[in-house]
Amino acid sequence: METTACILCECNCGIEIRIEDGHFTRIRGDKQHPASKGYTCEKALRLDHYQNSRDRLDSPLRRRPDGSFEAIDWDTAIAEVAARLVAVRDEHGGESILYYGGGGQGNHLGGAYSPALRAALGSRFRSNALAQEKTGEFWVNNLMFGNPVRGDFHHTEVAVFIGKNPWQSHGIPETRRILKAIANDPQRSMVVIDPRRTETADLADYFLQVRPGTDAFCLAALSAILVEDGLIDTRFVAEHTSGADAVLAALADVPIADFADRCGVPEDLLRATARRIAEAESVAVFEDLGIQQAPHSTLASWLEKLTWVLTGNFAKPGAQYIPTSMMPLARGNVSKRPSPVTGARVIGGMIPCNSVADEILTDHPDRFRAMIIESANPVHSLSNSRRMAEALESLDTVLVIDVALTETARHADYVLPASSQYEKWEATSFNFEFPDNVFHLRAPIVPARPGTLPEPEIHARLVRAIGGLDTALIADLRSAAERSRAEFAAAFMAATSAPEVGRLASVLLYETLGPTLPDGAAAAAALWGLAHRCALQHPADVRRAGFDGEGLEPGEALFEAILAARSGVVFTRSEWSEVWGRVKTPEGLINLDIPELVTALGELGSAPATLTSPKWPFILAAGERRSFTANTIFRDPEWRKRDRSGALRMSADDARDLEVVTGDHVRITTAGGNVTVEVEVTDTLRPGHVTLPNGHGVDYPAESGERTAAGVSPNDITVTGAPFEDPIAGTPFHKHVPAMIEPAAVEPVA
Ligand code: SF4
């Protein structure tokens, strides 16, 4: 059995795989993995459909004028791509080249090398899927804590899930074990706030089935009850927060009964929930796409955090914490410069996904002229797919780096085939655990498919072709690396102290330290710098994890341990008292007062509770996580045992009104378009609320080569622009798309 990880969600559970004739014939949890401890869900068992997909690429592709692709060799591809990107840079400036992506759920190592390519080109702007989900929460976290926060669900007394169904979307190590443990313990409670009665809601002690899109009303009422009923931890608020007066005054003005009515949750259930949260020893809270892609999403993120800050649930076991990091995810700071065309707020360095097409489809002189798209499929995953495809077609140059000929790749000028995540050294930056945080560098377990390259090598070749590397410096650093790690460290730090060299650091490491690493692990070279940074930022935590010594020794020891371990490494061991030191607000206190959101709270009462209308009487939640949904790296629909068509779920009342039953078809129309889809009647939804799963609608070649799509792509009918996106973060309302539904006849397949 070979040791690696599942790549289908942010948990990246450790797994062991038996490989026969290149196929994954047996998969089980890796008990040695320090975070997942042998746990997996059923999805991991289907990973052979990723590894041996018929859609895998095995040669660089160049698009012909007629839109078809021709295979070309790597040298030609690198030379032509570099020349095209340099031409765009020289004519329009490097800022006209947008970088998108950088990794999905498990492949972030390649993305660690992209900053060097972007620096060589002068590319300033980037985006990825986080900018259609998480940037609102990132922004709130940054203003309140100066860092991201997570919850200790393994030890909490009260677990709260808001717009999140962890039974299917996971997000916590050993998710289902933990959910069952909480549900089976009479001393612990689970609160679920969701418009759908999810599998998690079925385990909950307090299920607040809000009307779609009214989470902010529910959360505002919850916090207002904490104020009104004297349930606030006043000592905690006085000692550890700033700006409380303005926020408490705003909450005191919330019309609780009215908001309870508008969100559809009985006021006594809201009051009981608030009391359970306030009286618990510890509370951990997880918000997710259900509120992050719905009306008032950034406001709701702030209100979510108020519930646990006002009750003192931070920096203690079972509560919220700030994790250490190895490969930091984006922070929530706002760039000084907004996006060049639409002026959108750039949070964590990312242009909102909803703005990307608008930054291209315009005659504005500062529009983007080229895109580099790496391990991402924006034509399928972003709102209004047709417009995204149109935007790509209008660019001077589109480069796609991916394992498969995706919907996005088909609009590229060049497609560079990457090795799969099981054919190369790879890692994830989703490292959020506490007190032991875990990093897992995965070694290749099957040979790379001929004709493919790992992303770090692709980036290095492109930087070289662009002329971004000083060959004399490379030679000096290689010599130093061959002599000793200490000499290399001194030479590398001296060289990269010059900003223009420092920006190329990852590729420099790959080219110099990389060849000295064992087992062909050159791609891990960037981790050398990250391990040292981690040891400097968290010295006590790294020492406690077993990496001790003077000067650079802890960082070196950590790097060597990461290289050697096959099941992952505990890289930091933290103590709860240290969490306060990670609050990076100006005063070192949790900042409650975000004036923009205090104003938004004051105006919430006059906002519509739904975006439905006589023309659009239904609300579609697009992208529901189900047993047989995953991200689109599973292109082969055969991985699904059930729900092959990705049915539209609706309530029995709606089905009766439409005179349809499970298995019938309906046409669902939104302002973005229409699709015809099979129906599944369910008792989990309120009338007027329908759901479509994520990950469907990717096309896949049959043995004959003919391509067909299974199910519908939700983004064929999602919409962009006000009022369908968050005014602060620009995140789309995928969970709140006004729609119209009518029965549809479908010709039986002969
Ligand atoms: S929980 Fe996530 S990472 Fe773990 S096996 Fe399931 S899909 Fe894979």
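Further up the page is the structure itself.
Please read all numbers here as calculations on a predicted model, not as lab measurements. Positions within a chain are numbered from 1, following the residues in the order the chain's sequence is written. With pLDDT at 70 or above as the cut-off, local features in this predicted model cover only qualifying residues; side-chain atom pairs require 80 or more to be listed or tallied, and sums for whole chains, interfaces and linings still use all residues. Note that water and hydrogens are dropped before the side-chain values are worked out from all heavy atoms of the structure.

A.B. asks: Looking at this structure, how should I read the overall build of the protein chain?
C.D. replies: A run of H or I in DSSP becomes a helix once it reaches four residues, and a run of E becomes a strand once it reaches two; helices and strands are each numbered from the N terminus. Within the protein chain one finds 26 helices and 28 strands. Its C-alpha radius of gyration of 25 Å places the protein chain within 12% of the 27 Å reference for a compact globule of 750 residues. Projected onto the principal axes, the alpha-carbon positions of the protein chain cover approximately 70 × 70 × 55 Å. Expressed as a percentage of the 750 residues in the protein chain, the buried residues total 61%. A separation of at least 24 residues holds for 75% of the contacts in the protein chain among residues at least 6 apart in sequence. The Shrake-Rupley method, run with a 1.4 Å probe, gives the accessible areas here. Residue values count only the displayed protein chains as cover. As displayed, the protein chain has an accessible area near 27000 Å², and 50% of this comes from carbon and sulfur atoms. Neither His nor the chain ends is counted toward charge; the positive residues are Lys and Arg and the negative residues Asp and Glu. Where a charge lies is defined by one atom per residue type, namely NZ (Lys), CZ (Arg), CG (Asp) and CD (Glu). Each charge class in the protein chain can be summarised by its mean position, and for the 73 positive and 100 negative side chains these summaries are 2 Å apart. Computation of the radius of gyration draws on C-alpha atoms alone. For the globule rule, the value is 2.2 Å times the number of residues to the power 0.38. We call a residue buried when its accessible area falls under 20% of the maximum for its residue type, exposed when it is over 50%, and partly exposed in between, using a 1.4 Å probe and counting protein chains only. Note on contacts: a residue pair qualifies if any of its non-hydrogen atoms lie within 4.5 Å across the two residues.

A.B. asks: Even after reading the chapter, I still don't get the side chain of Ser-59, so can you show me in this structure?
C.D. replies: Assignment of secondary structure puts Ser-59 in the loop between helix H1 (48–51) and strand S4 (61–63). The buried category is assigned to Ser-59, whose relative accessible area is 16%. A distance of 3.3 Å separates a polar atom in the side chain of Ser-59 from the backbone oxygen of Ile-72. Other than its neighbours up to four places away in sequence, Ser-59 contacts Ala-71, Ile-72, Val-415, Pro-417 and Gly-451. Identification of polar contacts relies on pairs of N or O atoms within 3.5 Å, with a donor-acceptor requirement for protein atoms, meaning one able to donate a hydrogen and the other able to accept it, and with residues adjacent in sequence counted only if both atoms are side-chain atoms.

A.B. asks: What exactly am I supposed to notice about the pattern of salt bridges here?
C.D. replies: Oppositely charged side chains are able to pair whenever their charged atoms sit close together. Salt bridge, as used here, is a side-chain nitrogen of Lys or Arg placed within 4 Å of a carboxyl oxygen of Asp or Glu. With the rule as written, the count across this model stands at 58 salt bridges. In this structure, Glu-703 engages Arg-54 in a salt bridge whose closest nitrogen and oxygen atoms are separated by 3.7 Å. Residue Glu-703 is found in the loop between strand S26 (699–701) and strand S27 (707–709), and its partner Arg-54 is found in the loop between H1 and S4; the two are separated by 649 residues along the sequence. Residue Glu-703 is classed as exposed on the basis of its relative accessible area, which comes to 74%. Residue Glu-457 is joined to Arg-461 by a salt bridge in which the shortest nitrogen-to-oxygen separation is 2.7 Å. With Glu-457 and Arg-461 both in helix H17 (residues 455–466) and four residues apart, this pair spans about one turn of that helix. The class for Arg-461 is partly exposed, based on a relative accessible area of 23%. When salt bridges that share partners are traced, they join Arg-196, Glu-199, Glu-624, Arg-626, Asp-643, Arg-649 and Glu-680 into one network.

A.B. asks: Teacher, can you tell me more about empty space enclosed by the protein here?
C.D. replies: Space left empty within the atom packing is revealed by a probe, the size of a water molecule, rolled over the atoms. As defined here, a cavity is a set of points on a 1 Å grid over the protein atoms alone where a 1.4 Å probe fits but cannot get out. A pocket is an open set with protein on both sides within 12 Å along at least five of seven lines, and residues line them when an atom is within 4 Å of a point. Grid points are joined across faces, edges and corners, and a volume is the space filled by probe spheres set on the points. Under the definition given, this model contains three cavities of 30 Å³ or more. Within this model, the largest cavity holds a volume of roughly 160 Å³. Lining the largest cavity we find 18 residues, and of these Glu-10, Cys-11, Phe-430, Asn-431 and Val-438 sit closest to its centre. The dominant element in the lining of the largest cavity, judged by the number of residues it contributes, is strand S18 (residues 436–439), at three residues. For the lining of the largest cavity, the per-class residue count stands at eight nonpolar, seven polar and three charged. Charged means Asp, Glu, Lys or Arg here, nonpolar means Ala, Val, Leu, Ile, Met, Phe, Trp, Tyr, Cys or Pro, and polar covers whatever is left, Gly included.

A.B. asks: Mind showing me how you'd approach the packing of H17 against helix H21 (residues 505–512) here?
C.D. replies: Helix-helix packing is characterised by the crossing angle of the two axes and by the distance between the axes. Between N-to-C directions, angles cover 0 to 180 degrees, with each direction set by a line fitted to C-alpha atoms, over the stretch in contact for helices. The interhelical angle for the contact between H17 and H21, taken along N-to-C directions, is 105 degrees, at an axis separation of 10 Å. The pairing of H17 with H21 is recorded here as roughly perpendicular in orientation. Across the interface between the two elements, Pro-456, Glu-457, His-459, Ala-460, Val-463 and Arg-464 from H17 touch Val-507, Tyr-510 and Glu-511 from H21. Residues of the contact of H17 with H21, tallied by class, amount to five nonpolar, one polar and three charged. Oblique is the label for any angle not under 35 degrees, not over 145, and not in the 65 to 115 range, which are roughly parallel, roughly antiparallel and roughly perpendicular in turn.

A.B. asks: What should I look at first to understand the nonpolar core in this one?
C.D. replies: Here is a general trend for soluble globular proteins: nonpolar side chains tend to be buried in one another's company. Among buried residues, the Ala, Val, Leu, Ile, Met, Phe, Trp, Tyr and Cys ones that are joined through side-chain atoms within 4.5 Å form a nonpolar core. Of all hydrophobic cores here, the largest spans 104 residues; its most connected members are Met-144, Trp-302, Phe-314, Met-371 and Leu-601. When residues in this core are grouped by element, the largest group, ten residues, is from helix H7 (residues 215–228). Filtering out sequence-adjacent residues up to four positions away, Met-144 remains in contact with Trp-302, Lys-305, Leu-306, Val-309, Thr-585, Leu-589, Ile-590, Asn-591, Leu-592 and Ile-594.

A.B. asks: What is the right way to read the site of the ligand from this model?
C.D. replies: Every residue lining the ligand is accounted for by Cys-6, Leu-8, Cys-9, Asn-12, Cys-13, Thr-40, Cys-41, Ala-44 and His-170. Across the shell around the ligand, the residue classes break down as six nonpolar, three polar and no charged. Summary of the distance rule: residues count as near a molecule or strand when at least one heavy atom falls within 4 Å of that molecule or strand.

A.B. asks: Sorry, what's going on with the pairing of strand S3 (residues 23–29) here?
C.D. replies: Every other side chain in a regular strand lies on the same face of the sheet, so the side chains alternate between the two faces. At least two DSSP bridges between two strands are required for those strands to pair. For strand S2 (residues 14–20) and S3, the ladder comprises six bridges, and the chain directions are antiparallel. By the bridge assignment for S3, Ile-19 is matched with Phe-24. Following S2, the chain reverses through two residues before pairing antiparallel with S3; Asp-21 in that reversal takes a positive phi of roughly 55 degrees.

A.B. asks: It is not clear to me how the sheet that holds S3 should be interpreted in this structure. Could you clarify?
C.D. replies: One key point about sheets: their strands pair by backbone hydrogen bonds, in either a parallel or an antiparallel sense. With respect to topology, three strands assemble into an open sheet ordered S1-S2-S3, the strand pairing being antiparallel. Single-partner strands in this sheet number two, and they are strand S1 (2–5) and S3. The sheet shows a mean angle of 40 degrees between the axes of neighbouring strands, taken without regard to direction. Pairing analysis gives four bridges linking S1 to S2, with the strands arranged antiparallel. Across the sheet, residue Thr-4 finds its bridge partner in S2, namely Ile-15.

A.B. asks: Would you take a moment to explain the side chain of Asp-194 for this structure?
C.D. replies: Topologically, Asp-194 is positioned in the loop between strand S10 (189–193) and strand S11 (206–208). Buried within the structure, Asp-194 lacks any salt-bridge partner; its nearest side chain of opposite charge belongs to Arg-196, at an N-O separation of 5.6 Å. There is a polar contact of 2.9 Å between the side chain of Asp-194 and the backbone nitrogen of Arg-196. Those residues in contact with Asp-194 that lie beyond four places of it in its chain are Gly-163, Lys-164, Phe-207, Leu-208, Gln-209 and Val-210.

A.B. asks: Which parts of the structure should I look at to understand the packing of helix H2 (residues 74–92) against H17?
C.D. replies: The geometry of H2 relative to H17 is characterised by a closest axis approach of 9 Å and an angle of 60 degrees between their N-to-C directions. Taken together, the axes of H2 and H17 are oblique relative to one another. Handedness of the crossing formed by H2 with H17: right-handed. Where H2 approaches H17, its residues Trp-74, Ile-78, Val-81, Ala-82, Val-86 and Arg-89 are matched on the opposing element by Ile-458, Arg-461, Leu-462, Ala-465 and Ile-466. Left-handed describes a crossing in which the near helix is turned anticlockwise from the far one by less than a right angle; the clockwise case is right-handed.

A.B. asks: Honestly, the environment of Arg-150 in this entry has me stumped. Any pointers?
C.D. replies: Mapped onto the elements of the fold, Arg-150 is located in strand S8 (residues 150–151). Linking Arg-150 and Phe-434, residues 284 residues apart in sequence, is a C-alpha distance of 8.9 Å. A polar contact of 3.2 Å, which involves the side chain of Arg-150, links it to the backbone oxygen of Gly-171.

A.B. asks: How should the packing of aromatic side chains be read in this particular structure?
C.D. replies: Two aromatic rings, drawn from Phe, Tyr or Trp (for Trp, its six-membered ring), form a pair once their centres lie within 6.5 Å of each other, and the interplanar angle then sorts them: stacked below 30 degrees, edge-to-face above 60, tilted otherwise. For the coordinates displayed, the defined rule picks out 21 aromatic pairs. Aromatic side chains Phe-236 and Trp-580 sit 5.9 Å apart centroid to centroid with 45 degrees between the ring planes, which places their arrangement in the tilted category. Placement of the pair is Phe-236 in helix H8 (residues 234–240) and Trp-580 in the loop between strand S19 (569–573) and strand S20 (590–591), with a sequence separation of 344 residues. When its relative accessible area of 8% is taken as the criterion, Phe-236 is described as buried. Between Trp-308 and Phe-314, the aromatic rings sit 6.3 Å apart at their centres with planes inclined by 20 degrees, giving stacked as the arrangement. The buried category is assigned to Trp-308, whose relative accessible area is 0%. Three or more aromatic residues joined by ring pairs make a cluster, and in this case those are Phe-145, Phe-236, Trp-308, Phe-314 and Trp-580.

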